[in-house]
Protein chains: 2
Amino acid sequence: MATQINSNNNLVIMAGGVGSRFWPMSTTECPKQFIDVFGTGRTFIQMTYDRFKGLIAPENVWVVTSRQYAGIVAEQLPEIPKTNILLEPCRRNTAPCIAYVSWRIKAKNSKANIVVTPSDHLVTDVVEFQRVVASSLKFTSETDSIVTLGMNPTRPETGYGYIQADLMEPSLSNKEIYRVDSFKEKPNLATAQKYIKSKEYYWNSGIFIWSVSTIVNALRIYEPEMSRIFEDMLPIYGTDKEQAIIDERFPLCENISIDYAVLEKADEIFVFPANFGWSDVGTWGSLHTIAPTDAQGNNVIGNNVKLFESRNCIVHTTEEKRVVVQGLDGYIVAEKGDTLLICRLDEEQRIKEFSAE
Amino acid sequence: MATQINSNNNLVIMAGGVGSRFWPMSTTECPKQFIDVFGTGRTFIQMTYDRFKGLIAPENVWVVTSRQYAGIVAEQLPEIPKTNILLEPCRRNTAPCIAYVSWRIKAKNSKANIVVTPSDHLVTDVVEFQRVVASSLKFTSETDSIVTLGMNPTRPETGYGYIQADLMEPSLSNKEIYRVDSFKEKPNLATAQKYIKSKEYYWNSGIFIWSVSTIVNALRIYEPEMSRIFEDMLPIYGTDKEQAIIDERFPLCENISIDYAVLEKADEIFVFPANFGWSDVGTWGSLHTIAPTDAQGNNVIGNNVKLFESRNCIVHTTEEKRVVVQGLDGYIVAEKGDTLLICRLDEEQRIKEFSAE
């Protein structure tokens, strides 16, 4: 890790998600990335920003989010320039999001080297994380490569996509980085078990590293129409006109993920298999797995929560709320504002049903 | 029932309880008698007042309560004169409460005829209730008798006291009224079952009817010290000085129930066995028994409560709160202000433990 921050390094935090699986803690008004799920005083997006400190200068940190979250982002990340908060007028998946911010960065620095990360994941070993990211940034600054971070799978998880590495082909300049053989959608359990056994598969963390010229060129090849929209805007990035034109043209972009649009098609795709205590914390259950629990397996957030004869529960509430729970085993008790949810942890896949108005 | 209200009829509503068994709906700040438990728009004390309409004039309705509830009583019962709200400076059980209000009424009308009632019970058949009370008032206006209302027991309830009637001795002037043989404390289950079988026992409703001279004379005999305190105050009842003197002298009274002080000792004690759909609603369980439930046995108060796969639950919340409950059987979910309780219904006797700060 460099002690002098490379001024070409840029960070893109994608923060447009709505986190519906964490209802009622996560709501459309304040989705998961803006919540302090662990009660540490830092929200997911703040923890995401924090783990790049020393690698990327604050003025090179970009957030792409929905227009309605502009205020929350500015409030939670006061260190970054407000003009670095890019606002999507509508949701169009990750490819348009990445295209927009890539051209925006290119307009400022054509030598930029970029890390793209989700805003609502957890990393527990930040030292190792920084080593892996710094090593990847060095690699992409010297090659026209796209690097994905692949997580060493610790269980046959069916909730993640997988990356198959060609372990016979480490790259020449970085022996920890391998060519990607294929990307796999979320598998069923039997397939996931096969993946684990073969030792060639890694969880797709959704963290990507590339130079701005690499990603822009890839988008020009695989998404020419989308690319034209953002290329045409080159003269007005950073001006007063940017938002109005984005509001007009962004909705014309195809709704497509960067995985599908570029990663699965491009040639120079690599994976850096790594171990830095990563979780997408995509469900209450995953939170229960990673968050600290008491001797009875309860994970409690809230200053005034008392449990009697309760086990394997997640109890999340606000600081002020007084909560007494007796005789529950394996439940979620989540209370926020004017909403209370009590449901079996093993029924959490139905939260969308429960939260329907 | 008289169409012309007898101006000697007085009603005493005892409203000093703290209703700790209904936490968190009932709190020291706003105990059970002041809560709209059924979501009907009327609180227990308001329902209590309502069921005497036409029998007792509003200016003859008295409420004895704690000083801290003066404001709530005045707000919830705007029909009665504020000077009829008597404030106990401390809790001293029912005998001092009844002594105070009895001398207070005597100072105003020595011919007064009085019904004393708890403020937090439920009566479903108000027509029959009024018939029984009117009949009892007629009886006590003509005799120096104390009448208790005994409820026909429908189950071997161990949470109530019982009154044993001498069914061979109906009174001469009212064939529905019998001499009391004995008062029984809350029995164990086997004893309660014996009571039911014998058909001589009735639940003690805590509703008493007597003339002011009868109760004052009885207190003079059985509680001479206590009686002297209130007798001495005769010149200042209804004056500016009343509250200050009460604050000084009321705490000197013995802490004793009217049952123990008078009823169990006096001679002319009668019981009127009756059936008017009575419950003391003393526990969440009793509420669950009497309140309307859906097909799955759930009793729900709250405008925005959704239940999935839940049975035999009590869910009580405020109007504004959105609550989703999934997969609970036999639980209380009660939410009020900044407090939430979730516990098994069959563990509700531990609510004091749960609610301890």
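Cut-off values and rules
Residues numbered from 1 in each chain as written. Chains lettered and ligands numbered in written order. Predicted model: local features only at pLDDT ≥ 70, side-chain atom pairs only at ≥ 80, totals over all residues. Heavy atoms only, no water. Helix = DSSP H or I, 4+ residues; strand = E, 2+ residues; numbered from the N terminus. Rg over C-alpha atoms; globule rule 2.2 N^0.38 Å. Buried < 20%, exposed > 50% of the residue type's maximum accessible area, 1.4 Å probe, protein only. Contact = heavy atoms within 4.5 Å. Phe/Tyr/Trp six-rings, centres within 6.5 Å; stacked < 30°, edge-to-face > 60°. Lys NZ or Arg CZ within 6 Å of the ring centre and 35° of its normal. Salt bridge = Lys/Arg side-chain N within 4 Å of Asp/Glu carboxyl O. Buried area = accessible area lost by both parts, 1.4 Å probe. Polar contact = N/O pair within 3.5 Å; in protein donor to acceptor, adjacent residues only side chain to side chain. Nonpolar A, V, L, I, M, F, W, Y, C, P; charged D, E, K, R; others polar.

### Some points on the overall build of chain A
Turning to step 1, where the next piece is worked out: Secondary structure assignment for chain A yields 11 helices and 17 strands.
Turning to step 2, where the next piece is worked out: A globule of 357 residues ought to have a C-alpha radius of gyration of about 21 Å, and chain A, at 21 Å, matches this closely.
Turning to step 3, where the next piece is worked out: C-alpha extents for chain A along the principal axes are approximately 60 × 50 × 40 Å.
Turning to step 4, where the next piece is worked out: Relative to its full complement of 357 residues, chain A shows a buried share of 56%.
Turning to step 5, where the next piece is worked out: Considering only residue pairs separated by 6 or more positions, chain A has 68% of its internal contacts joining residues 24 or more positions apart.

### Remarks on the packing of aromatic side chains
Residue and element names in this part refer to chain A.
Turning to step 1, where the next piece is worked out: According to the stated counting rule, one finds 36 aromatic pairs over all chains in the structure shown.
Turning to step 2, where the next piece is worked out: Taken together, the aromatic side chains of Tyr100, Trp103, Phe230, Tyr237 and Phe250 make up a single cluster linked through ring pairs.
Turning to step 3, where the next piece is worked out: Geometry around Phe129 places Arg51 over its ring, the cationic atom sitting 5.8 Å from the centre.
Turning to step 4, where the next piece is worked out: When the ring centre of Tyr260 is taken as reference, the NZ or CZ atom of Lys265 above it lies at 5.6 Å.

### Brief notes about the environment of Arg155 of chain A
Residues and elements named next belong to chain A.
Turning to step 1, where the next piece is worked out: Positionally, Arg155 belongs in the loop between strand E6 (146-151) and strand E7 (162-170).
Turning to step 2, where the next piece is worked out: What makes Arg155 partly exposed here is its relative accessible area of 33%.
Turning to step 3, where the next piece is worked out: Look past the residues within four positions of Arg155 in its chain and what remains in contact with it is Tyr160, Tyr162, Ile196 and Trp203.

### Structural notes on the pattern of salt bridges
Turning to step 1, where the next piece is worked out: Applying the stated criterion across every chain yields a total of 38 salt bridges over all chains.
Turning to step 2, where the next piece is worked out: A salt bridge links Glu169 of chain A to Arg179 of chain A; the nearest nitrogen and oxygen atoms lie 3.6 Å apart. On the criterion of sequence distance, the pair formed by Glu169 of chain A in strand E7 and Arg179 of chain A in strand E8 (residues 178-184) is long-range, its members being 10 residues apart.
Turning to step 3, where the next piece is worked out: For Arg179 of chain A, a relative accessible area of 23% gives the class partly exposed.
Turning to step 4, where the next piece is worked out: A single network of salt bridges, built from pairs that share partners, joins Glu309 of chain A together with Glu347, Arg350 and Glu353 of chain B.

### Considerations on the interface of chain A and chain B
Turning to step 1, where the next piece is worked out: Contacts between the two partners involve 31 residues from chain A and, on the opposite side, 31 residues from chain B.
Turning to step 2, where the next piece is worked out: Of the roughly 2600 Å² buried where chain A meets chain B, counting both sides, 49% is carbon and sulfur surface.
Turning to step 3, where the next piece is worked out: There are four salt bridges connecting chain A and chain B.
Turning to step 4, where the next piece is worked out: At the junction of chain A with chain B, the criterion picks out 26 residue pairs in polar contact (both at pLDDT 80 or more).
Turning to step 5, where the next piece is worked out: Residue assignment for the side of chain A that touches chain B shows that the elements contributing at least two residues are strand E13 (304-308), strand E15 (322-326), strand E16 (331-336), strand E17 (339-344) and helix H11 (351-355) of chain A.
Turning to step 6, where the next piece is worked out: Of all the elements, E17 of chain A adds the most residues to the side of chain A that touches chain B, at six residues.
Turning to step 7, where the next piece is worked out: Residue composition of the side of chain A that touches chain B, by class: 14 nonpolar, five polar and 12 charged.

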